Amino acid sequence: SQQGEEDPQALSIQEGENATMNCSYKTSINNLQWYRQNSGRGLVHLILIRSNEREKHSGRLRVTLDTSKKSSSLLITASRAADTASYFCATDAVDYKLSFGAGTTVTVRA
Amino acid sequence: EPEVTQTPSHQVTQMGQEVILRCVPISNHLYFYWYRQILGQKVEFLVSFYNNEISEKSEIFDDQFSVERPDGSNFTLKIRSTKLEDSAMYFCARTSGGIAKNIQYFGAGTRLSVL
C-alpha cells in the first residue's frame, strides 16, 4: 500500500506558533501531496512535491520530502485561527489516484 | 479552478434502498474519482473513471457499486442496496489538466446516512 500515515494525530497550538506534522509512506511514489479539510467539507489541495524534490514552499507552508526514509513533513508558520483543520498527506500513483493517510487535526487557539 | 458540485449534500436512506450520488465536474476533464470517508477515518479511494470507463477500483467498490457518466457532464455513483456500513461522506474529485494533472479538486461531499 502507498498510504501515508501522519503524526501526530492531533496538534493544538497558539496563534502565531508554527505547526509541524509528519507523514510516512510505504512504497515508491510519483508525488506526495498535502490536502486540508475543514470540518464537514471537502479536501483542498495545498501543495505537491515531486519525488525528485526535497523541499518546497508555498506562502506560509513548507514541505520536505525524504524518499530514503519515505517521509514528508508539513510546516505551517505563523499559524492563524483559520488554519484550524485536518491535514492529510496523500501519495499518487498510476492514473493519479490518491492514497491518503489518517490525517492530523490541528487546532489553533486564539 | 472551478469547483466540483455534488448533490445532494445529505442523503438519508433505509437499509436495502438504492441511492444515486451526483457530481457535476467540468465536462472537458477526463479523470474523475470517487472517495469515501467514514466518520473519523481516513479518506479511501473507491474508483477512478477515465475516458468514460472505469480505470481502477478498490476492494470496497464491490458489485453493489457502479459509476456512470450518463450525459457527458454529470458523474454518478450508485449504491444498489445500501448497508449500514455504507454510511459515510462520499467525495467526487477530478484532476486538472496540463502539468498539474496530479492535483485533484474535490467537491464538498455527500453525507450518506443509512438507517
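Residues numbered from 1 in each chain as written. Chains lettered and ligands numbered in written order. Predicted model: local features only at pLDDT ≥ 70, side-chain atom pairs only at ≥ 80, totals over all residues. Heavy atoms only, no water.

### With respect to the confidence of the model for chain B
When pLDDT is averaged along chain B, the result is 88; 91% of the residues meet or exceed 70. Mean pLDDT across the secondary structure elements of chain B bottoms out at strand β10 (residues 104-106) of chain B, with 89, and peaks at strand β11 (residues 110-114) of chain B, with 97. (pLDDT = per-residue confidence, 0-100. Helix = DSSP H or I, 4+ residues; strand = E, 2+ residues; numbered from the N terminus.)

### A few points about the sheet that holds strand β7 (residues 65-68) of chain B
Residue and element names in this part refer to chain B. Spatially, 4 strands are ordered β1-β3-β8-β7 in an open sheet, and the strand pairing comes out antiparallel. Two strands lie at the open edges of the sheet, namely β1 (5-7) and β7, each paired on one side alone. Strand-to-strand twist across the sheet, computed as the mean angle between neighbouring axes with direction ignored, equals 15°. In terms of strand pairing, β1 meets strand β3 (residues 19-24) through 3 bridges, oriented antiparallel. Counterpart to Q6 in the pairing with β3 is C23. (Pairing = 2+ DSSP bridges. Axes fitted to C-alpha atoms, helices over the stretch in contact; angles between N-to-C directions.)

### A look at the state of the cysteines
A full pass over the atoms with the stated rule returns 2 disulfides over all chains. The disulfide that involves C23(A) links it to C89(A), with 2.0 Å between the sulfurs. Its S-S torsion of approximately 65° makes the covalent link between C23(A) and C89(A) right-handed. Residue C23(A) is located in strand β3 (residues 19-24), and its partner C89(A) is located in strand β9 (residues 85-92); the two are separated by 66 residues in the primary sequence. As far as the burial class goes, C23(A) and C89(A) line up, both buried. Through a disulfide, C23(B) is tied to C92(B); the S-S separation comes to 1.9 Å. Disulfide C23(B)-C92(B): the torsion about the S-S bond is -60°, which places it as left-handed. Residue C23(B) is found in strand β3, and its partner C92(B) is found in strand β9 (residues 88-95); the two are separated by 69 residues along the sequence. One exposure class covers both C23(B) and C92(B), and it is buried. (Disulfide = S-S within 2.5 Å. Buried < 20%, exposed > 50% of the residue type's maximum accessible area, 1.4 Å probe, protein only.)

### So, the packing of aromatic side chains
All told, the structure shown has 15 aromatic pairs over all chains when counted by the stated rule. Aromatic side chains Y35(A) and F106(B) sit 5.7 Å apart centroid to centroid with 80° between the ring planes, which places their arrangement in the edge-to-face category. Residue Y35(A) is found in strand β4 (residues 31-37), and its partner F106(B) is found in strand β10; the two belong to separate chains. Take Y35(A): its relative accessible area is 0%, and that puts it in the buried class. Ring geometry for F32(B) and F75(B): centres 5.2 Å apart, planes at 40°, overall tilted. Pair noted here: F32(B) is in strand β4 (residues 31-37) and F75(B) is in strand β8 (residues 75-79), with a separation of 43 residues, a long-range link. A residue is classified by how much of its surface remains accessible, and F32(B), at 0% relative accessible area, is buried. You can call F75(B) buried: its relative accessible area is 0%. Members of the aromatic cluster, joined through ring pairs, are Y35(A), F88(A), F100(A), Y31(B), Y33(B), Y35(B), F45(B), Y50(B), F91(B) and F106(B). (Phe/Tyr/Trp six-rings, centres within 6.5 Å; stacked < 30°, edge-to-face > 60°.)

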